[in-house]
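Below, each chain spelled out in residue letters.
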Amino acid sequence: MDDPRQQPSETAPIKLRPEIANAAVYQQGRPAPEGGFKLSSNETPFPPLPSVVAAIEGAAETINRYPDSAARGLVRRLAAMHHVDESQVAVGPGSIAVLRQLVTAVAVSGDEVVYAWRSFEGYPSVMTLNGPTSVQVPLGADGRHDLDAMLEAITDRTRAVLLCSPNNPTGTVLTHDEVERFVASAPSDVLIVIDEAYLEFVRDEDAVDGLALIADHRNVVTLRTLSKAYGLAGLRAGYAIGDPAVIAAVRASGLPFELTTVTIEAAKAALDARDELDERIETIVRRRNGIEAGLIDQGWHVTPSQGNFVWLPTGDDTLRAAEILERHGIIARVFPEGIRVTVGERESVEPLLTATAEIVRGLEV
Ligand SMILES: Cc1ncc(COP(=O)(O)O)c(C=O)c1O
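The model shown is predicted, which means the values in this text are computed figures rather than measured ones.

Calculation criteria
- Residues numbered from 1 in each chain as written.
- Predicted model: local features only at pLDDT ≥ 70, side-chain atom pairs only at ≥ 80, totals over all residues.
- Heavy atoms only, no water.
- UniProt positions renumbered as here; feature names shortened; annotations may be inferred.
- Helix = DSSP H or I, 4+ residues; strand = E, 2+ residues; numbered from the N terminus.
- 1 Å grid on protein atoms, 1.4 Å probe; cavity = no way out; pocket = protein on both sides within 12 Å on 5 of 7 lines; lining within 4 Å.
- Points joined across faces, edges and corners; volume = space filled by probe spheres on them.
- Domains from an automatic or database assignment.
- Contact = heavy atoms within 4.5 Å.
- Polar contact = N/O pair within 3.5 Å; in protein donor to acceptor, adjacent residues only side chain to side chain.

Chemist: Would you mind showing me how to read the UniProt feature "domain: Aminotransferase class I/classII large" (unreviewed entry) in the protein chain here?
Modeler: Per the UniProt record, "domain: Aminotransferase class I/classII large" (unreviewed entry) is found at residues 37–354. Secondary structure content for residues 37–354 is 41% helix and 18% strand, while the C-alpha to C-alpha distance between its ends is 14 Å.

Chemist: So what exactly am I meant to see when it comes to the layout of surface pockets here?
Modeler: If a probe as big as a water molecule is rolled over the atoms, it shows which places are left empty. Empty space within the largest pocket amounts to approximately 910 Å³. Forming the boundary of the largest pocket are 43 residues, of which Tyr26, Ser41, Lys228, Ala233 and Arg236 lie nearest the centre. Here the lining of the largest pocket spans two domains, since at least three of its residues come from each of domain 1 (18–47 + 275–361) and domain 2 (50–272). One number sums up the size of the second largest pocket: a volume of about 300 Å³. Lining the second largest pocket are 17 residues, and of these Ser69, Ala70, Ala71, Val91 and Arg251 lie nearest its centre. Only helix H3 (72–82) and strand S2 (89–92) provide two or more residues apiece to the lining of the second largest pocket.

Chemist: Can you walk me through the UniProt feature "modified residue: N6-(pyridoxal phosphate)lysine" (unreviewed entry) in the protein chain in this structure?
Modeler: In this numbering, the UniProt entry assigns the feature "modified residue: N6-(pyridoxal phosphate)lysine" (unreviewed entry) to Lys228. Apart from residues no more than four positions distant in its own chain, Lys228 is found in contact with Ser41, Asn42, Thr44, Ala197, Tyr198 and Phe201. A distance of 3.3 Å separates the side chain of Lys228 from the backbone oxygen of Ser41, its partner in a polar contact.

Written out as structure tokens, the structure is:
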């Protein structure tokens, strides 16, 4: 079983910061077995586009030189795409790195960062590295953020609130109206990050649009990634959009040269290929909806997913369920209370639904 909270076992010969000595090691999704499917990391099953590979090859010719430290070409492209000023965009090596910069900019040890739980397993690691205390507010029974409880969890020590929509791993979205009410009720000097890593797969028209909120709320930042719909997980590129003063602080919290020339050029090529990528995104959305319909037919009580993954609420039966999935060649992300399965290759759907049919027969749902 994947255990994201696995502890390092070696005793270090030097004096470590206690939070680092006790830190959980991020546990990556396991590789697929021979003939099986790796559906554990919410990656795209499609290979890189030829135009992206060509951009990588072109950039490879220049790697004796440092990259553009500010990745200006990429920032310009993102700003144009989102109709914002370049001063409103900060890029980094993956959105988790940008999130770390955001947290670095606002919080130190003794401060608090509020987020829903269960949510993206990278959040606790960011807090451990930066020092603030994680205040985890349990999801509601419907797998959605409990925004009232999150508001109540905000104290004088709160420096940031993370809202994840669609939520990883439950797939549920926050509505625009409820986030607008939340932002209006939260202190305006607390950073609110709307993590929209899976935005491109969202088809619910009521879902929050982080970008639309930043114009009226200077403390709101939307966090995006090129790892999912854009298919660049292996290159590491993510970005934040927000108020210029907040974005300046994010940039000040990063190191120079974090994005390589190869990543910058590949990211620009991927953004240019959005039409081609849209077809792939639609394929994944249709596949997700098909899997979800299949699960409901089998008797599963699924939370409606708007991401490129589905959530199996297997509860106490999780280990048995993971074994059945694995027997059918499916490597998924196993949590104590359920299993997240990425929407992957077309050929993975049949073994997945065969496995879930077997699992649900033994579940009390
Ligand atoms: C909700 C969420 N946010 C952020 C990330 C980090 O993405 P990356 O660092 O690859 O941009 C992930 C990755 O799975 C995620 O699920």
